Amino acid sequence: MVQDTSAKRSVADLNIDDPVQLEVTRNYLIGTCEEMGAAMLRTSYSTMFNEARDFSCVVFDAAGQMIAQGDFCPAHIGAIVHTVEWAIKEVGPENMHPGDVILHNDPYRGGCHMPEFMTLKPCFYKGDVVAYAANIAHMTDIGGMVPAAFGDTRNIFQEGLRLPPIKIYKDDEPVEDIFAIITSNVRTPKVSRGDLMAMVGSTYLAERRIVDLIDRLGIDRFNLLSEQIKDVSEVMMRQAIARMPDGAYAAEGIIEDDGVLPDTSYRFAAEVNVRGDEIVVDYTGSDPQSAGAINQSFGTTASATYATIFHMIPDDIPWNHGAYRPIAIVAPPGTVVNVNYPGSCVGGNSDTYPNTMDVLFAAFSQMSDRSQACDGGTSGLLGIYGTNIDTGEPFVLLHIEGMGCGGRIDADGNDAMVTKNGNCLNSPCEVIEVRYPVRIEEYSVIPESTGPGAHRGGFGVRRIWRCLAPITISAHVNRTWFRPWGLKGGEPAGNAALLFKPADSEEWLSAKDLYDRISAGKFSNVELGEGDLIMLCTPGGGGYGAPHERAAELVRQDVADELIDAQAAEQTYGVVLDDAGVIDEDATRLAREEMAHAAT
Amino acid sequence: MPQREVDEMPRCQSCGILIPVQEMVKEHEGKPVIVCSDKCFRIYRTYWYPRYGQKAAAQGGGDG
């Protein structure tokens, strides 16, 4: 039963008979998703899951439409609406049986990129499928030419193992043939199997919770509430969009290279069309797909679109299928936003995605102050492969680093945060040092990384690693020369850097200069020895608003916190401090009047 | 469960997504249009074709 809500103008028009029960049910389902996540944290093997939390748990109704999501990764949650829909259609509900679990990671089939494995469990009640529980999670290694997948791959085959929707569980038993194929093709078979079992376990937990709920409500009531959950979100979303001014708002940005073709950047174009109570985001004009891994699948582009629009909307709208209904996407095939087979796209979901969001934020900034300046926009991905010194076991670490977020109208950008599509955590230095043969010799904020503004961008970070044993390193890092832009008079931020200092050297050099790679930020399989150093610096966020309009007290506090020095306070922000660090009001007023005049 | 290879799948002429199974074949301006959903068919008629359709037809194409 699918209701047409397009004629409904308010939630009142939906005639919700029991709004309290609706809210309780909605939050029960969200709680189920969060509980799936808790199970993942406690039962998974890799730091990608139990430290970085790079997974998302979602519940769908019998029609394969999302009815609940937890507070996880936007990158997953936006794509999964397509991933699940197509998995259900391709397998066929008539071919699903109690005890089945489906596995799928194909980016061309609505997925985001291949490391994101999705386990999907049809939830049965008295013999019928009544819901689906899904867990989409980033497997650290998927085989392929690059440990942890991120580098300079040129096609999908180099990335690793691609799985269309297949059953890995039947009649509540693992399909060992499928597990054998997977574990035979990855570098960390024990960890990968353990992670997959954790994912499967979380879907079983969700099924139990859903069955409990239906035992209490009855199936008819559950189905009605599921429809109401979606319809309420759709109405609220349409109301929010209708408050935006109609029009077409265009912007573009670049990804600086793909790791394959030297000195070649790629253009991403987006036009946000607000048409009454719906939005059409059109990516026509984006460059043809690249030779490397920076392409986005359709699922990734759709996800970036949804995530940005949800950022622009007041956050009291429940995020489920209903909220997605008023959003349409045009993504021309064979472009960087909709890669054709067999193009590589592993980097698309991690680093290109925030770039796409920044382009959309730039478009939205033309009609809304709720937008933000450009983020650091890279996860600073380092894939590190080697052998554990103590156990002799192989390991693969995919390190995700924080960067600075763009300044906003009402706040500075967040510091040292994993990109906005990830919502992940990086691993603590102590955990890294215990589990892998490295020592973190520095982990600090980079003061000069921020983009100045009335609200400055967040700070990027510097992390220096010392290898305690031979390792192989691959990387997918953006913005090594492109600087995140400011907005509405804010200034650009500092860019990223990935440098190496061999044990017998005193000089920091890039992979281009030291290891003859095409790109300083995107490369595969560099061999490092014991004592070699790695330095990763991530970008800051762009500033929002003119620096001379920043509250003088905030500038004084930044100086007191040693985030900027007194000279920068005066030259960039026009705030003059005396030797005691106290604001000289008269000198500051004069300096800022000069700056304002120069800016006009 | 029969599956098509990705290079055998059609794409929605509105949004561009690959369609593994159950594509919809609609008609617009006397020509067949492949879409993934009724929503995309509406977007095709009201947005994509007025903006790009005639140019695409003149170039001998028509895909979204």
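Rules used in this analysis
- Residues numbered from 1 in each chain as written.
- Chains lettered and ligands numbered in written order.
- Predicted model: local features only at pLDDT ≥ 70, side-chain atom pairs only at ≥ 80, totals over all residues.
- Heavy atoms only, no water.
- Axes fitted to C-alpha atoms, helices over the stretch in contact; angles between N-to-C directions.
- Helix = DSSP H or I, 4+ residues; strand = E, 2+ residues; numbered from the N terminus.
- Parallel < 35°, antiparallel > 145°, perpendicular 65-115°, else oblique.
- Left-handed = near helix turned anticlockwise from the far one by under 90°.
- Contact = heavy atoms within 4.5 Å.
- Pairing = 2+ DSSP bridges.
- Disulfide = S-S within 2.5 Å.
- Core = buried A, V, L, I, M, F, W, Y, C linked by side-chain atoms within 4.5 Å.
- Buried < 20%, exposed > 50% of the residue type's maximum accessible area, 1.4 Å probe, protein only.
- Domains from an automatic or database assignment.
- 1 Å grid on protein atoms, 1.4 Å probe; cavity = no way out; pocket = protein on both sides within 12 Å on 5 of 7 lines; lining within 4 Å.
- Points joined across faces, edges and corners; volume = space filled by probe spheres on them.
- Nonpolar A, V, L, I, M, F, W, Y, C, P; charged D, E, K, R; others polar.
- Buried area = accessible area lost by both parts, 1.4 Å probe.
- Salt bridge = Lys/Arg side-chain N within 4 Å of Asp/Glu carboxyl O.
- Polar contact = N/O pair within 3.5 Å; in protein donor to acceptor, adjacent residues only side chain to side chain.
- Expected span 1.5 Å × (residues − 1).
- Arc of directions from axis to C-beta.

J.: How should I be thinking about the packing of helix α5 (residues 176-184) of chain A against helix α6 (residues 189-217) of chain A in this particular structure?
T.: All names here are of chain A. Contact geometry of α5 with α6 gives a least axis separation of 9 Å together with a crossing angle of 135°. In terms of axis orientation, α5 runs oblique to α6. Read as a crossing pair, α5 and α6 show a hand that is right-handed. Residues Glu176, Phe179, Ile182 and Thr183 of α5 touch α6, and the partners they reach there are Pro189, Arg193, Leu196 and Met197.

J.: What should I look at first to understand the sheet that holds strand β13 (residues 394-399) of chain A in this one?
T.: Note on sheets: strands pair through backbone hydrogen bonds, and any given pair is parallel or antiparallel. Residues and elements named next belong to chain A. Strand order across the open sheet formed by four strands is β13-β12-β16-β18, with antiparallel pairing between neighbours. Each having just a single partner strand, β13 and β18 (522-528) make up the two edges of the open sheet. Averaged over all neighbouring strand pairs, the angle between strand axes comes to 15°, with direction disregarded. With six bridges connecting them, strand β12 (residues 381-387) and β13 associate as antiparallel partners. Bridge pairing links threonine 387 to proline 394 in β13.

J.: What's the story with the state of the cysteines in this structure? I'm lost.
T.: Covalently bonding the sulfur atom of one cysteine to the sulfur atom of another cysteine gives a disulfide. Applying the stated criterion across every chain, the model contains zero disulfides over all chains. With no disulfide partner, Cys73(A) has as its closest neighbouring cysteine sulfur the one in Cys424(A), 3.7 Å distant.

J.: Could you clarify how one ought to interpret the nonpolar core in this entry?
T.: Nonpolar side chains in soluble globular proteins tend to be buried together. Residue and element names in this part refer to chain A. Counting 157 residues, the largest nonpolar core has Ile80, Leu120, Met237, Val272 and Ile279 as its most contacted members. Inspection of this core shows a minimum of three residues originating in each of domain 1 (11-234) and domain 2 (372-545). Cys429, Ile440, Ile534 and Leu536 belong to the second largest nonpolar core, which has 25 residues in total.

J.: How should I be thinking about empty space enclosed by the protein in this particular structure?
T.: If you roll a probe as big as a water molecule over the atoms, it shows you where there is empty space left. All names here are of chain A. Inspection of the entire model under this criterion finds three cavities of 30 Å³ or more. Size it by volume and the largest cavity reaches roughly 150 Å³. Residue composition of the lining of the largest cavity, by class: nine nonpolar, nine polar and two charged. Two domains share the lining of the largest cavity, each providing at least three of its residues, namely domain 1 (11-234) and domain 2 (372-545).

J.: Which parts of the structure should I look at to understand the interface of chain B and chain A?
T.: A common measure of how large an interface is: the accessible area buried when the components associate. Every contact between the two is made by 26 residues of chain B and, on the other side, 32 residues of chain A. Counting the surface lost from both chain B and chain A, the interface buries some 2400 Å², and carbon and sulfur atoms represent 56% of this. Applying the counting criterion to the chain B and chain A interface returns three salt bridges. With a closest N to O distance of 2.8 Å, Arg42(B) and Glu278(A) form a salt bridge. Viewed at the interface, chain A and chain B are joined by 16 residue pairs in polar contact (both at pLDDT 80 or more). Of the residues that constitute the side of chain B that touches chain A, the class distribution is 14 nonpolar, six polar and six charged.

J.: I'm lost on the pairing of strand β2 (residues 31-35) of chain B in this one. Help?
T.: On a regular strand, one side chain projects to one face of the sheet and the next to the other, so that they alternate. All names here are of chain B. Inspection of the sheet shows strand β1 (residues 24-28) paired to β2 by five bridges, in the antiparallel sense. Note that in β2 the partner of valine 25 across the bridge is isoleucine 34. Between β1 and β2, which follow one another and run antiparallel, lie two residues, and glutamate 29 among them has a positive phi close to 55°.

J.: How should helix α15 (residues 585-599) of chain A be read in this particular structure?
T.: Within an α-helix, residues lying three or four positions from one another point in the same direction, as the helix has 3.6 residues per turn. All names here are of chain A. The end-to-end C-alpha separation of α15 is 21 Å, in line with the 21 Å expected for 15 residues at 1.5 Å each. Taken together, the buried positions of α15 are Thr588, Arg592 and Met595. An end-on view of α15 places all buried positions within 55° of arc, on one side of the element. Relative to its buried face, α15 has exposed residues pointing more than 90 degrees away, namely Glu594, His597 and Ala598. Against the buried residues of α15 lie α13 (552-560) and α14 (566-573).

J.: What's the story with the environment of Gly376(A) in this structure? I'm lost.
T.: Within the secondary structure, Gly376(A) sits in the loop between α10 (348-364) and β12. On a C-alpha basis, the gap between Gly376(A) and Val418(A) in space is 9.4 Å, while along the polypeptide they are 42 residues apart.

J.: What exactly am I supposed to notice about the side chain of Glu227(A) here?
T.: Residues and elements named next belong to chain A. Along the chain, glutamate 227 falls in helix α7 (residues 219-242). On the basis of relative accessibility, which here comes to 6%, the residue glutamate 227 falls in the buried class. Looking at glutamate 227, its side chain comes within polar contact range of the side chain of lysine 230, at 3.1 Å.

J.: Help me out: how do you make sense of the pattern of salt bridges in this one?
T.: Two side chains with opposite charge may pair up if their charged atoms get near one another. For the structure shown, the criterion picks out 41 salt bridges over all chains. Across the pair Lys26(B) and Asp38(B) runs a salt bridge whose closest N-O atoms are separated by 3.1 Å. Of this pair, Lys26(B) sits in strand β1 while Asp38(B) sits in helix α1 (residues 38-58), and the two are twelve residues apart along the sequence. Looking at Asp38(B), the relative accessible area reads 48%, which means it is partly exposed. Here the residues in one salt-bridge network are Asp231(A), Glu234(A), Arg238(A), Asp277(A) and Arg325(A), joined through shared partners.

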